[in-house]
Amino acid sequence: MNGTIGTIPFVICVIVAFLVGAVIAFFLGIEYRKKAAEAALGSAEEEAKRMLSDAIKAAETKKKEAIIEAKDEIYKLKQDNEKEMKERRSEVTRLERRIQQKEESVDKKIDNLEKKEEALQAKLKDADQKLSEAEQVKAHQFDMLEKISGFTTEQAKNYLLDNLEGELTHEKAVKINQFEAQLKDEADQRAKEIIASAIGRCSADYVAEVTVSVVPLPNDEMKGRIIGREGRNIRTLETLTGVDLIIDDTPEAITLSSHDAVKREIARVSLERLIQDGRIHPARIEETVEKARREIESKIKQDGERAVLECGIHAMHPELIRLLGRMRYRSSYGQNVLGHSIEVSQLAGIMAAELGVDEALARRAGLIHDIGKSMTHEIEGSHVQIGVDLARKYKESPEVIHAIEAHHNDVEPRTIVACLVQAADAISAARPGARRENLENYIKRLEKLEEIANSFEGVEKSYAIQAGREIRIMLKPDVVSDDQMTIVAREIVKKIEDELDYPGQIKVNCVRENRVIEYAK
């Protein structure tokens, strides 16, 4: 117990001593840290002062360097400006010197021009004076000439022009006669023309075509059956064939009207078969028309093959043969086109054989020269251009194509074959009776022919003869001289060619004669 009580004060003392020591140590630490902090603060202030001093020194240095560089740059710019100004002053001085020189040159030229103008004015004045003198001399000479010749100026001019016109007319007539004499001297050429003219006298069948066909009926009752209930039969027939059926008061007959002969033939054959069969209704009509169309197409092909065989032509395209057959149903002024083409082929072949030209080529070109007429209803354009296009399409030779193109003078003939086809075509078309034309048009053409001839000065009378193939012109002998007669004939021919359409050719026959009549009493 006593021992425990003695230990407690000792512990308390130790604790008090520890606390006192701790307090003392705390205050000593605080003092130490304060001194250390003051020492560090003083060192930092010194370092900051030093850094500030270094920065101020560096800034001063940079400032001085920048000022020096700016002064150098200003000096350099100043030198460049002075140099540029010096160069510009030099250029301005040079330009001023050039302008001054040009002004001096212009002044000199102006002076020269003024001098030349003065000289020119003087010359013009002198020229006017001399021209006036020349006019006076000319007038004096004219007066002298009028006194010597007894003609006024106008009379002398007319006299010279009349003499010149007479001389020119004489020279023209002489030249024309010389050319004609030269042509007559070419015996071979003239012989060829004689052969062609002789062939033109060949005979051939005359053909007349119309645009209607008449189908006979067994009785008038058949008309009603053809018309059908409410006209259905006749409408079906017209629709399928493209032909107009005319049923009028003509007893026991029906007229078929169409400009297309192929369609008209199909309609005729169909109608005849329907009448013969007796069964007439739309279905039967359609069947019969189709059969007739096939038969006509077959006949067209046969006609084409027969024409090719008749003309002795080989290796022709089948489509061209078919188109040739179609021409059996085409006419021109009443002349069957296929018959005309066969005739042209034969004539051209005969003339080619006589002249030593390729006969086969001439026959071929003559046969298909009007091939375009088989398509003129379906294609726009002239039959010549259509024919040329067809020949090119089916690979005909260039000579044949040119002959087709030139047979109506659409282009100038360049080969003998083209000339032969042209001549054969004219012979076949122009022979008497080959073609017919409307009577009114025929009369008008003859009147126009005489009117053209009568429009020329010096023509007394004119007569169209030989069905318009010749015009005989009576000339006034006191107006038209022998030399002028040739010129008048040429001019009439040219006007006829320009103003008149006609088949073949027209002969212009001019007659000039003097008659003296006396009576013995």
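Computed from a predicted model, the values in this text were never measured in an experiment.

Engineer: Describe in detail the packing of helix α11 (residues 383–393) against helix α12 (residues 398–406), supporting the description with residues and values.
Structural biologist: In the contact formed by α11 and α12, the axes pass within 8 Å of each other and the chain directions differ by 170°. Put simply, α11 runs roughly antiparallel to α12. Where α11 abuts α12, its residues V384, G387, V388, A391 and R392 lie against I401, I404 and E405.

Engineer: Residues and numbers for the packing of helix α10 (residues 359–367) against α12, please.
Structural biologist: Packing of α10 against α12 brings their axes to within 9 Å, and their N-to-C directions diverge by 45°. With respect to their mutual orientation, α10 and α12 come out oblique. As for how α10 packs across α12, the hand of that crossing is right-handed. Packed against α10, whose contacting residues are L361, R364 and A365, the element α12 presents E399, V400 and A403 at the interface. Tallied by class, residues from the contact of α10 with α12 come to 4 nonpolar, no polar and 2 charged.

Engineer: Before we move on, can you summarise the sheet that holds strand β6 (residues 459–465) with the specific residues and values?
Structural biologist: Read from one edge to the other, the open sheet built from 3 strands follows the order β6-β7-β8, with strand pairing classed as mixed. Each edge of the open sheet carries a strand with a single partner, namely β6 and β8 (507–512). Going across the sheet, the axis of each strand differs from the next one's by a mean of 20°, ignoring polarity. Bridge count between β6 and strand β7 (residues 470–475): 6 bridges; the pairing is antiparallel. When the sheet's bridge partners are listed, A464 is paired in β7 with I471.

Engineer: Tell me about unusual backbone geometry, and name the residues and values.
Structural biologist: Although it is not a glycine, A315 sits at a positive phi angle of roughly 55°. Tracing the chain through its elements places A315 in the loop between α7 (282–310) and α8 (318–326). Its identity as a non-glycine residue notwithstanding, K395 has a phi of 60°, on the positive side. Checked against the element boundaries, K395 lands in the loop between α11 and α12. The class for K395 is exposed, based on a relative accessible area of 73%.

Engineer: Describe the confidence of the model for the protein, naming the residues involved and giving the relevant values.
Structural biologist: Predicted coordinates in regions of low pLDDT should not be interpreted in detail. Mean pLDDT for the protein: 81, with 88% of residues reaching 70 or above. Here residues 201–209 scores under 50 on pLDDT; set against residues more than four positions off or in separate chains, the count is 17 contacts.

Engineer: Help me get a handle on the nonpolar core, residues and values and all.
Structural biologist: Judged by nonpolar contacts, the single largest core of 41 residues is most densely connected at M316, L324 and I371. Ranked by residue count, the leading element in this core is helix α9 (residues 337–355), at 8 residues. Listed in part, the 25 residues of the second largest apolar core include L217, I234, V289 and I300.

Engineer: Please give an account of a negative patch on the surface that cites residues and values.
Structural biologist: On the surface, a cluster of negative charge is made up of E103, E104, D107, D111, E114, E117 and E118. Mapped onto the elements, E117 comes out in helix α1 (residues 2–149). Residue classification places E117 among the partly exposed residues on the basis of a relative accessible area of 48%.

Engineer: Can you explain the pattern of salt bridges? Please cite residues and give values.
Structural biologist: With the rule as written, the count across this model stands at 25 salt bridges. Across the salt bridge formed by E287 and R284, the nearest N and O atoms sit 3.5 Å from each other. Of this pair, E287 and R284 both sit in helix α7, 3 residues apart, which is roughly one turn of that helix. Given a relative accessible area of 37%, E287 falls into the partly exposed group. For R284, a relative accessible area of 17% translates into the label buried. For the salt bridge of E287 with K291, the shortest nitrogen-to-oxygen distance reads 3.5 Å.

Engineer: So what's going on with the pairing of strand β3 (residues 253–257)? Which residues, and what values?
Structural biologist: The buried count for β3 comes to 4 of 5 residues, which makes it a mostly enclosed element. Two elements, strand β2 (residues 244–246) and β3, share 3 bridges in a ladder whose sense is antiparallel. Bridged to I246 within β3 is T255. Counted between consecutive antiparallel strands, the loop separating β2 from β3 contains 6 residues, among which E252 sits at a positive phi close to 55°.

Engineer: Lay out the pairing of β7 with the relevant residues and their values.
Structural biologist: Summarising the sheet, β7 and β8 pair through 6 bridges and their orientation is parallel. Bridging across to β8, L475 finds its partner in R512.

So, how was this worked out
- Residues numbered from 1 in each chain as written.
- Predicted model: local features only at pLDDT ≥ 70, side-chain atom pairs only at ≥ 80, totals over all residues.
- Heavy atoms only, no water.
- Axes fitted to C-alpha atoms, helices over the stretch in contact; angles between N-to-C directions.
- Helix = DSSP H or I, 4+ residues; strand = E, 2+ residues; numbered from the N terminus.
- Parallel < 35°, antiparallel > 145°, perpendicular 65-115°, else oblique.
- Contact = heavy atoms within 4.5 Å.
- Left-handed = near helix turned anticlockwise from the far one by under 90°.
- Nonpolar A, V, L, I, M, F, W, Y, C, P; charged D, E, K, R; others polar.
- Pairing = 2+ DSSP bridges.
- Buried < 20%, exposed > 50% of the residue type's maximum accessible area, 1.4 Å probe, protein only.
- pLDDT = per-residue confidence, 0-100.
- Core = buried A, V, L, I, M, F, W, Y, C linked by side-chain atoms within 4.5 Å.
- Patch = residues over 30% accessible without salt bridge, like charges linked within 9 Å, V, L, I, M, F, W, Y side chains within 5 Å.
- Areas by Shrake-Rupley, 256 points an atom, 1.4 Å probe, with all protein chains shown as cover.
- Salt bridge = Lys/Arg side-chain N within 4 Å of Asp/Glu carboxyl O.
- Lys, Arg positive; Asp, Glu negative; His and termini not counted.
- Charge placed at Lys NZ, Arg CZ, Asp CG, Glu CD.

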